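Descriptive structure summary
Here is how the chains run, residue by residue.
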Amino acid sequence: MLTDVSFEQIMNRKNEIMQRSLKIDYDQFKQGLVGFEYEKMMTQLGYSLEDVARIQKENQVGNTPLLELKNLTQLVRRISPKGKGATILMKDEAANPSGSFKDRRATLAVHEAKKKGFSGVIAATSGNYGAAVASQAAKQGLKCIVLQETYDSQGLGQPEILEKGRKCEALGAEVIQLTVGPELFYTALLLLDQTQYFNASLYSPYAIAGVETLGYEIGQQVKDQFGKEPAAVCVTHAGGGNVTGTARGLKKFGNHQTEIIGVSVDLTGLHMASDKDFNRKSFTTGHTGFSFPFSIDPDRSDVPRNAARPLRYLDRFVTVTQGEVFYATELLAKLEGLERGPAGNTSLAAALVLAQQYDENEIIVVQESEYTGAGKHPIAQLNFAKRQGVKIMRGDPRENIPGSVIAIPEHIEQLDVKNADLDRIQISYLRNVLKDVDSKSLTDSDKTFLAQEVNRDIQYIDNYLKTLNIG
């Protein structure tokens, strides 16, 4: 008998499909009306930090070099106020098997899939994660399907997405490329249901726990090389897993004073699900089209409860323009001899500005780099943008208009960062969580959960509820 695979039927069964494809009972962690025992979920994985590091080492993942960007540091010090200009370090995650930090996420996810007896894995991603899952699936002898949101309605795909599709295929994955729109989530659910494969989601507890070693290694390497903890770590912020895992790892090492700074490319005004806007952005990840929505509504992901909770860990959140990231990519190549990017250079662009605000004897870490290839190269991206009618110019990055103008700085003093309003984002998160809840019935455990979610205290939550006249 044929099973009903209509959009409506599959979406109605989404929680059942997601839960079966991970074999995690998320309901056991629910508490009160909105509460969720997040730390309990993370600790009941059955993997200690030492276990994760061992599994990654067995698969040639992690223990990547921490590079001192001496020439960029000296350049920054020339334009900084006297006594300012922190030493800039970069964690070179391009050294991982598939070329990005996402190998850390994929290693543990694929390991768990094999441990639970799945014959294959599925990942829905247009980014580096697909290549990471494909690489690890090849090592573990599992089948792999990667779903990519690749094309607009005219059949045009961005060079970077096409590049990553080729890489996934080279690593043995079956790549299914789709047009922009709701069919990505539907197709992922349908294939999970039909194949009974493991959901190698970016947002499972395994994927987040896999990133903790990155934060831990940064803490260890900075201490070994400089005898201190970093003043700040700049983390490219998209769906929140990068921020969450890195911050958790730093704290597990004992770095409680390190400022966690999320960095996103400002694509304000572009709608990520819009056919018109899809190819008018030059960045497939690390931009505000992901970071703002996932900060406000983390559980909009492909698992019942997202293990990436960025607002728990962010001390500061800044944005940079597309042109500034392209400029940082050029500086890294021409001054340090390192061709990397583009996503990791988002946090580098911010670090070049933020280092000017810290003392010379302090350390600021660019948390990750990634491989580059023909389709990911800035020239390919900029040429594609031109063909979409985007104006490419040299000049003041304040002239950047997402989807219309990419203004590439002419000198480093033109770089800047824009502070995102974390207070406003926290309020937006609370408003979203409580929109369908009788807030007068919130328990103490609910309030504790909400306070942890926005990195505040219980009094802050009580005061917020009073402003709604429901305290």
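See the structure above.
Below, the structure is looked at part by part. Note that the coordinates shown come from a computational prediction; the quantities given were computed from them, not determined experimentally. (Residues numbered from 1 in each chain as written. Predicted model: local features only at pLDDT ≥ 70, side-chain atom pairs only at ≥ 80, totals over all residues. Heavy atoms only, no water.)

Some remarks on the overall build of the protein
On a plain count of helices and strands, the protein comes out with 18 helices and 15 strands. Relative to the compact-globule value of 23 Å for 471 residues, the protein shows a C-alpha radius of gyration of 22 Å, a close match. Within the protein, the fraction of its 471 residues that count as buried is 62%. Taking the contacts inside the protein whose residues are at least 6 apart along the sequence as the reference set, 76% of them involve residues at least 24 apart. Carbon and sulfur atoms make up 48% of the accessible area of the protein, which totals about 18500 Å². A gap of 1 Å separates the mean positions of the 54 positive and 58 negative side-chain charges of the protein. (Helix = DSSP H or I, 4+ residues; strand = E, 2+ residues; numbered from the N terminus. Rg over C-alpha atoms; globule rule 2.2 N^0.38 Å. Buried < 20%, exposed > 50% of the residue type's maximum accessible area, 1.4 Å probe, protein only. Contact = heavy atoms within 4.5 Å. Areas by Shrake-Rupley, 256 points an atom, 1.4 Å probe, with all protein chains shown as cover. Lys, Arg positive; Asp, Glu negative; His and termini not counted. Charge placed at Lys NZ, Arg CZ, Asp CG, Glu CD.)

Here's the deal with the sheet that holds strand 15 (residues 418-419)
Strand order in this open sheet of seven strands is 3-4-12-9-10-11-15, and the pairing throughout is mixed. Strand pairing shows two members of the sheet lacking a second neighbour, strand 3 (66-68) and strand 15, which therefore form its edges. By the bridge criterion, two bridges tie strand 11 (residues 316-320) to strand 15 in an arrangement that is antiparallel. When the bridges of strand 15 are listed, Thr 319 appears paired with Lys 418. (Pairing = 2+ DSSP bridges.)

Observations concerning helix 2 (residues 14-22)
Ile 17, Met 18, Ser 21 and Leu 22 are the residues of helix 2 that are buried. Seen from one end, helix 2 has its buried residues packed into an arc of 120 degrees, which puts them on one side. Residues of helix 2 that are buried in the fold lie against helix 1 (7-12), helix 9 (183-195), strand 8 (198-199) and helix 10 (205-226). Once helix 2 ends, the next one or two residues include Lys 23, with phi positive near 55 degrees. (Arc of directions from axis to C-beta.)

Topic: the packing of aromatic side chains
By the definition in use, this model includes nine aromatic pairs. Seen from their ring centres, Phe 7 and Tyr 186 are 5.6 Å apart, and the 40 degrees between their planes marks the pair as tilted. One end of the pair, Phe 7, is in helix 1; the other, Tyr 186, is in helix 9, with 179 residues separating them in the sequence. Residue Phe 7 is classed as partly exposed on the basis of its relative accessible area of 44%. Both rings, one in Tyr 216 and one in Phe 253, keep their centres 5.1 Å apart while their planes meet at 90 degrees; by these two values the pair is edge-to-face. Taken together, the residues span a long stretch of sequence, with Tyr 216 in helix 10 and Phe 253 in helix 11 (residues 241-253) at a distance of 37 residues. Through a chain of ring-to-ring contacts, the aromatic side chains of Phe 118, Phe 198 and Tyr 206 assemble into a single cluster. (Phe/Tyr/Trp six-rings, centres within 6.5 Å; stacked < 30°, edge-to-face > 60°.)

Here's the deal with the sheet that holds strand 8
Read across the sheet, four strands follow the order 7-6-5-8 without closing on themselves; strand pairing throughout is parallel. Edge positions in the sheet fall to strand 7 (174-179) and strand 8, since each of these pairs with one other strand and no more. Relative to strand 7, strand 6 (residues 143-151) runs parallel, the two being bridged by six bridges. The residue of strand 7 that forms the bridge with Ile 145 is Glu 174. Along the sheet, helix 8 (residues 159-170) makes contact with strand 6 and strand 7, crossing strand 6 at roughly 165 degrees. (Axes fitted to C-alpha atoms, helices over the stretch in contact; angles between N-to-C directions.)

A word on the packing of helix 6 (residues 102-115) against helix 7 (residues 128-140)
In the contact formed by helix 6 and helix 7, the axes pass within 8 Å of each other and the chain directions differ by 45 degrees. With respect to each other, helix 6 and helix 7 are oriented oblique. Pair helix 6 / helix 7 crosses with right-handed handedness. In this structure, helix 6 uses Lys 102, Asp 103, Arg 105, Ala 106, Thr 107, Ala 109, Val 110 and Lys 114 to contact helix 7, whose residues at the interface are Asn 128, Tyr 129, Ala 132, Val 133, Ser 135, Gln 136, Ala 137 and Gln 140. Residues of the contact of helix 6 with helix 7, tallied by class, amount to seven nonpolar, five polar and four charged. (Parallel < 35°, antiparallel > 145°, perpendicular 65-115°, else oblique. Left-handed = near helix turned anticlockwise from the far one by under 90°. Nonpolar A, V, L, I, M, F, W, Y, C, P; charged D, E, K, R; others polar.)

Notes on the side chain of Gln 140
By the secondary structure assignment, Gln 140 is in helix 7. On the basis of relative accessible area, Gln 140 is assigned to the buried category, the value being 16%. At 3.3 Å, the side chain of Gln 140 and the side chain of Asn 59 are in polar contact. Aside from chain neighbours lying at most four places away, what touches Gln 140 is Asn 59, Val 110 and Lys 114. (Polar contact = N/O pair within 3.5 Å; in protein donor to acceptor, adjacent residues only side chain to side chain.)

Concerning the nonpolar core
Within the largest apolar cluster, 80 residues are counted, with the highest numbers of intra-cluster contacts made by Val 121, Tyr 129, Val 133, Phe 198 and Leu 450. The biggest single contributor to this core is helix 10, with eight residues. Non-local contacts of Leu 450, meaning those with residues more than four positions away in its chain, are made with Val 34, Tyr 429, Leu 430, Val 433, Leu 434, Leu 442 and Ile 461. Counting 45 residues, the second-largest nonpolar core is a separate cluster that includes Leu 75, Ala 231, Leu 352 and Leu 382. (Core = buried A, V, L, I, M, F, W, Y, C linked by side-chain atoms within 4.5 Å.)

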